[in-house]
Amino acid sequence: MEDGTVRVGILVGLPALLRSLGADPAAIVAEAGFDPGALDEAEHMVSYAARGRLLGQCVARTGCRHLGLLLGKRGRLSSLGLAGLLAQCAPDVDTALKDFARYTFLSVSGGVTDFSVRGKVAMLSFDVVLPQVDATDVVGDAAMATFFNLMRTICGPEWAPLEVRFSHGKPQDIEPYRGAFRAPLRFNADQNAILFSTDWLRHPLHGADSDLRRLLQARAD
């Protein structure tokens, strides 16, 4: 399989995060063989493998096993590219998540975002599809924290997940995960996913803008 690409997105906040953890961003970026200029602009595209090597080096140098959570917490809809903007101007949560899942491929070709409903439970998931990529656990953690922010943005601060799943094993220190999600956690799951009640799907979005949505969707298509 060809090496996928990914939009820099939330990685623009990585240097500040590393400094807050007492590490030298420039040194880590150089050690990982990553282009430091790529972190200047969220719209830059980098290889999926290069991002994995960078995140793996960040964890190794800082010793912070939950670095993905900290990075994902910095994610906003604007960090998610065109798919995030489309979600923001949708009329309701159901439409927002369908748009988001449909167009995320524009920002990442090494992972797959899916939105599904079973009974009264909705699920927003993310899977790395490239083989032999470094730091997939960090990427999964960052995705779940970003998805959490996405849901809080479009639903409001009262939204809460029913469960959060991770494809990696249970970490030694689980407290950062409990603090980040305040929900039941499952590790060694089939996929990284956030589960929530379908009652939220009818929730209207305050930022709904049908004209802007049509323009963004035309551009995305």
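Before any of the text, the structure's been laid out above.
Predicted model only: the values in this text are computed from it and were never measured.

How each quantity is defined
Residues numbered from 1 in each chain as written. Predicted model: local features only at pLDDT ≥ 70, side-chain atom pairs only at ≥ 80, totals over all residues. Heavy atoms only, no water. Pairing = 2+ DSSP bridges. Helix = DSSP H or I, 4+ residues; strand = E, 2+ residues; numbered from the N terminus. Contact = heavy atoms within 4.5 Å. Expected span 1.5 Å × (residues − 1). Buried < 20%, exposed > 50% of the residue type's maximum accessible area, 1.4 Å probe, protein only. Disulfide = S-S within 2.5 Å.

Q: Got a minute to help me understand the pairing of strand E4 (residues 121-128) in this structure?
A: Looking down a regular strand, the side chains alternate between one sheet face and the other. Here strand E3 (residues 111-118) pairs with E4 via eight bridges, running antiparallel. Within E4, the residue paired with Val 112 across the bridge is Asp 127. The hairpin formed by E3 and E4 contains two residues between the paired strands, and Gly 119 there has a positive phi angle of roughly 60 degrees. Inspection of the sheet shows E4 paired to strand E7 (residues 192-197) by six bridges, in the antiparallel sense. Across the sheet, the residue bridging to Leu 124 is Ile 194, located in E7.

Q: Help me understand the side chain of Thr 146 in this model?
A: Within the element layout of this structure, Thr 146 appears in helix H7 (residues 136-155). Not counting residues up to four positions away in its chain, the partners in contact with Thr 146 are Ile 10, Gly 72 and Leu 80.

Q: Where do I start with H7 in this structure?
A: Counting along an α-helix, one turn takes 3.6 residues, and residues three or four places apart therefore face a common direction. Here H7 is 20 residues long and its end C-alpha atoms lie 28 Å apart, about the 28 Å a rise of 1.5 Å per residue gives. Counting buried positions along H7 gives 16 out of 20 residues, so the element sits mostly inside the fold. A positive backbone phi angle near 105 degrees is found at Gly 156, which sits one or two residues after H7.

Q: Could you clarify how one ought to interpret the sheet that holds strand E6 (residues 185-186) in this entry?
A: Strand pairing in a sheet is mediated by backbone hydrogen bonds. Such pairs are either parallel or antiparallel. Across the sheet, which stays open at both edges, the five strands sit in the order E3-E4-E7-E5-E6 with mixed pairing between neighbours. The open sheet has two edge strands, E3 and E6, and neither has a second partner. Relative to E6, strand E5 (residues 163-165) is paired through two bridges, and the arrangement is parallel. Its bridge partner being in E6, Arg 165 is matched across the sheet by Arg 186.

Q: Got a minute to help me understand unusual backbone geometry in this structure?
A: Excluding glycine, residues mostly have negative phi values, and the peptide bonds linking residues are mostly trans. In this model, Ala 135 sits at a positive phi of 60 degrees, which is unusual for a non-glycine residue. With respect to the element layout, Ala 135 can be found in the loop between E4 and H7. Under the relative-accessibility criterion, Ala 135 is labelled buried at 15%. Positive phi, normally seen in glycine, also occurs at Arg 182, with a value near 45 degrees. Tracing the chain through its elements places Arg 182 in the loop between helix H8 (175-181) and E6. With a relative accessible area of 72%, Arg 182 lands in the exposed category.

Q: So what exactly am I meant to see when it comes to the state of the cysteines here?
A: A covalent bond between the sulfur atoms of two cysteines is what we call a disulfide. A complete count under the given rule lists zero disulfides for this structure. Cysteine Cys 64 remains unbridged, with the sulfur of Cys 58 as its closest cysteine sulfur at 10 Å. By relative accessible area, which is 9% here, Cys 64 ends up buried. Between Cys 89, a free cysteine, and Cys 155, which holds the nearest cysteine sulfur, the sulfur-to-sulfur gap is 15 Å.

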